[in-house]
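Each chain is listed here by its residues.
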Amino acid sequence: MAEVYNAFKMGNIDFVNTSNLNYTDYIGTLGYSTKEYLGREHGFIALNTKSGLLSDTEVRKAILSGIDKNNIVGNVFGGKYYTADFPLGYGSWLDNKDDANSTYNASNVNKILEDAGWTLRRGNWQKTINHRTEKLVVNLLVKSSDANRVNVANVIQSQLAQVGIGVNIKSVNDAQFNSSLASKDYDMALIVSDVSASPNLTTYFGDNNYANYSNKEVSDIMKEVSNSTDENVLKEKYKRLKEIYKTDVPYISLYFSKNVAIYNTSLA
C-alpha cells in the first residue's frame, strides 16, 4: 500500500480504495477528493437467548437501551466508524436505513425493568427468581487479542453500570473464544465478522446461530427469501426480519467499519 499511495501522489494512478482511515499520513490532505462508505466489518453483541437472565426478552431490551453506540464509535474508533442497527447494512437496497442510534435511551431502562418486576437497590437491579434474589449481572465474552474489542467491552461495561446493569468481562485468547462460541458458553459475546456483499442473514437467524435464537416466523421467512427472486417480496420479508430483530433483541448491532475511495479531482 505504501507503493500505491506513492503512485497516487505522483499522479501515476487516479483512484485508490482503502480501509486505512489514516491515509492522510501517507498522501497529505490536499489535491484529491474522497467518498466514504460502509465497510464490511460488522461489530455486534450476541445475546445468548437460552442463558439464564438473558432468556428474558425484557432484560435484553434493557441492555440494548443502555448502550450508547455513538459514544462507542467516538471513544474507541475516533468517530471513524459508523453506528449500526442491523447486520444488513452494506449498502443493501433491502435496508431501509433507519436511525441506528434510536435504540439508546438510558431513562427507558428503568421503565423496562420495573415493568418486568425488577427493583433498583443501591445502584443494582434485583429480582426474586425461584425464591432467590438475583442481581442483574451478565458476562461478556471478548477476544483478548483484539485491542479494539477489549476497549469496546470496557465502554459497554461502564455504560451499563451507569444504569444498574452489571457486566463481567471475560477476556480470553482466540482458541478459548472460538471454543466458547461453538459451545454457546457465554451470556453475551462481542463478535466482529465480515458482511457479505450479497444479503445473507443465516449467521444470525439460521441453525446454530450465535444467539442460540429460535423463532418459527423467522425460520419461515429465511426459507421464503432463499427461494424468492421477487424484489417486492424480498423487501417485505427483510423488513419484517428487521422488526423481529428489534423486538426480540437476539443481537445488538454496534458498528460498521468505514472505507474510503480516494480519487484525483480531475475525475470529479
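Up top is the structure.
In this text, all values refer to a predicted model and were calculated from it rather than measured experimentally. (Residues numbered from 1 in each chain as written. Predicted model: local features only at pLDDT ≥ 70, side-chain atom pairs only at ≥ 80, totals over all residues. Heavy atoms only, no water.)

The next thing to look at is the sheet that holds strand S4 (residues 119-121). Reading across from one edge, S4-S5-S6 is the order of the three strands in this open sheet, with antiparallel pairing throughout. The sheet is open, and its two edges are formed by S4 and strand S6 (132-135), each paired on a single side. Across the sheet, the mean angle from the axis of one strand to that of its neighbour is 40°, orientation sign disregarded. Pairing between S4 and strand S5 (residues 124-129): three bridges, direction antiparallel. (Pairing = 2+ DSSP bridges. Helix = DSSP H or I, 4+ residues; strand = E, 2+ residues; numbered from the N terminus. Axes fitted to C-alpha atoms, helices over the stretch in contact; angles between N-to-C directions.)

Let us now look at the packing of helix H4 (residues 69-77) against helix H6 (residues 147-162). In contact at an axis separation of 10 Å, H4 and H6 are set at 135° when each is read in the N-to-C sense. Taken together, the axis directions place H4 and H6 in an arrangement best described as oblique. Once H4 is placed against H6, the crossing between them reads as right-handed. Contacts between H4 and H6 involve Asn71, Ile72, Val76 and Phe77 on the former and, on the latter, Asn148, Asn151, Val152, Val155, Ile156 and Gln159. Its residues assigned to classes, the contact of H4 with H6 shows six nonpolar, four polar and no charged. (Parallel < 35°, antiparallel > 145°, perpendicular 65-115°, else oblique. Left-handed = near helix turned anticlockwise from the far one by under 90°. Contact = heavy atoms within 4.5 Å. Nonpolar A, V, L, I, M, F, W, Y, C, P; charged D, E, K, R; others polar.)

Moving on: the packing of aromatic side chains. Any pair of aromatic rings gets described here by the distance separating the centres and the angle formed by the planes. As enumerated under the stated definition, the model contains 14 aromatic pairs in all. Each ring, one from Phe44 and one from Tyr251, has its centre 5.8 Å from the other, and the planes form 75°; the classification is edge-to-face. With a gap of 207 residues between them, Phe44 in strand S2 (residues 32-47) and Tyr251 in strand S10 (residues 251-264) connect regions that are remote in the sequence. Comparing Phe44 with Tyr251, the two get one shared label, buried. The interplanar angle of 85° and the centroid separation of 5.4 Å between the aromatic rings of Tyr204 and Tyr251 together place this pair among those described as edge-to-face. Of this pair, Tyr204 sits in helix H8 (residues 202-205) while Tyr251 sits in strand S10, and the two are 47 residues apart along the sequence. By relative accessible area, Tyr204 is classed as buried at 5%. Owing to a relative accessible area of 1%, Tyr251 belongs among the buried residues under this scheme. By the ring-pair criterion, three or more aromatic residues cluster together here, those being Phe44, Phe86, Tyr204, Phe205, Tyr210, Tyr213, Tyr245 and Tyr251. The cationic tip of Arg149 hangs over the ring face of Phe177; the distance from NZ or CZ to the ring centre is 5.7 Å. When the ring centre of Tyr82 is taken as origin, the NZ or CZ atom of Lys258, which lies over that ring, is 4.7 Å away. (Phe/Tyr/Trp six-rings, centres within 6.5 Å; stacked < 30°, edge-to-face > 60°. Buried < 20%, exposed > 50% of the residue type's maximum accessible area, 1.4 Å probe, protein only. Lys NZ or Arg CZ within 6 Å of the ring centre and 35° of its normal.)

Taken together, the four bridges between S5 and S6 define a ladder with antiparallel strand orientation. Each bridged residue has a counterpart across the sheet, and for Ile129 the counterpart in S6 is Arg132. Between S5 and S6, which pair antiparallel and follow one another directly, the connecting turn spans two residues, one of which, Asn130, has a positive phi of 55°.

Let's shift gears to the nonpolar core. In this structure, Ile63, Ile165 and Leu254 are the most contacted members of the largest nonpolar core, which totals 47 residues. By size, the runner-up hydrophobic cluster in this structure holds 26 residues, among which are Leu141, Val172, Val218 and Leu241. (Core = buried A, V, L, I, M, F, W, Y, C linked by side-chain atoms within 4.5 Å.)

We now examine the pairing of S10. Along S10, twelve of the 14 residues are buried, which leaves the element largely enclosed by surrounding structure. Judged from the four bridges that link them, strand S1 (residues 15-18) and S10 form a sheet pairing that is antiparallel. Directly across from Val16, in S10, lies its bridge partner Ile262. Taken together, the twelve bridges between S2 and S10 define a ladder with antiparallel strand orientation.

Structurally, Ile112 can be placed in helix H5 (residues 106-115). A relative accessible area of 12% means that Ile112 is categorised as buried. Taking C-alpha positions, Ile112 is 9.9 Å from Ile63, a pair spaced 49 residues apart along the chain. Excluding anything up to four places from it in sequence, Ile112 contacts Glu58, Lys61, Ala62 and Ser65.

It is worth spelling out the pattern of salt bridges at this point. Considering all chains together, one arrives at ten salt bridges under this definition. Across the pair Asp146 and Arg149 runs a salt bridge whose closest N-O atoms are separated by 3.1 Å. Judged by relative accessible area, Arg149 falls into the buried class, the value being 8%. A salt bridge links Glu217 to Arg240, with the shortest nitrogen-to-oxygen separation between them at 2.7 Å. Placement of the pair is Glu217 in helix H9 (residues 216-226) and Arg240 in helix H10 (residues 231-248), with a sequence separation of 23 residues. Through salt bridges that share partners, Asp85, Lys242 and Lys246 make up one connected network. (Salt bridge = Lys/Arg side-chain N within 4 Å of Asp/Glu carboxyl O.)

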